[in-house]
Amino acid sequence: MIICVCHNVNERAIRKAVEAGHGSFEAIQMELGVATCCGCCADHARNLVSELTATACACRPVARSQPLMQISEPAA
Ligand code: FES
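Predicted model, so just to flag it, every value in this text is computed and none were measured. (Residues numbered from 1 in each chain as written. Predicted model: local features only at pLDDT ≥ 70, side-chain atom pairs only at ≥ 80, totals over all residues. Heavy atoms only, no water.)

### Thoughts on the pattern of salt bridges
- Across all of its chains, the model carries 2 salt bridges by this definition.
- Here Arg15 ties to Glu11 by a salt bridge, and the two come within 3.2 Å at their closest N and O atoms. Placement of both Arg15 and Glu11 in helix α1 (residues 11–19) is noted, with a separation of 4 residues, approximately one turn of the helix. (Salt bridge = Lys/Arg side-chain N within 4 Å of Asp/Glu carboxyl O. Helix = DSSP H or I, 4+ residues; strand = E, 2+ residues; numbered from the N terminus.)

### Some remarks on unusual backbone geometry
- Of note, Asn8 is a non-glycine position whose phi angle comes to about 50 degrees, a positive value.
- Mapping Asn8 onto the fold places it in the loop between β1 (2–4) and β2 (9–10).
- A positive phi angle, close to 60 degrees, is found at Ala35, a residue other than glycine.
- Structurally, Ala35 can be placed in the loop between α2 (25–32) and α3 (42–59).

### Considerations on the environment of Arg46
- Turning to its location among the elements, Arg46 is positioned in helix α3.
- On the accessibility criterion, Arg46 (39% relative accessible area) is partly exposed.
- Along the chain, Arg46 and Ser24 lie 22 residues apart, while their C-alpha atoms are 8.5 Å from each other.
- Sequence-distant contacts of Arg46, defined by excluding residues within four places in its chain, comprise Phe25 and Glu26. (Buried < 20%, exposed > 50% of the residue type's maximum accessible area, 1.4 Å probe, protein only. Contact = heavy atoms within 4.5 Å.)

### Considering the nonpolar core
- Ile3, Ile14, Ile28, Val34, Ala35 and Cys41 are the most contacted members of the largest nonpolar core, which totals 16 residues.
- Top element by residues in this core is α3. It accounts for 5 residues.
- Those residues within four positions of Cys41 in sequence are excluded, and the remaining contacts are Ile3, Cys4, Val34 and Ala35. (Core = buried A, V, L, I, M, F, W, Y, C linked by side-chain atoms within 4.5 Å.)

### Details of the confidence of the model for the protein
- Counting all residues, the mean pLDDT for the protein is 85, and 75% of those residues have values of 70 or more.
- Here α3 stands out as the element of the protein with the lowest mean pLDDT, 86, in contrast to β2, whose mean of 98 is the highest. (pLDDT = per-residue confidence, 0-100.)

Listed below in structure tokens is the structure:
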């Protein structure tokens, strides 16, 4: 589905940009030009980026300072 008619940007392109690490609406604007012409797509694009970044955050691995479980060697 086309999100930004002025720059011919579809939902897939925005999704790929978010997956590539562009984690804010402003970053997507810089990368794809979304909402930088007439601005009609701004609300829809902003909502889509928010939805995608929220999803991306839930899937990111969490860095741990300690292992989840300590496996001990059997006594000899
Ligand atoms: S439709 Fe996106 S800037 Fe015009």
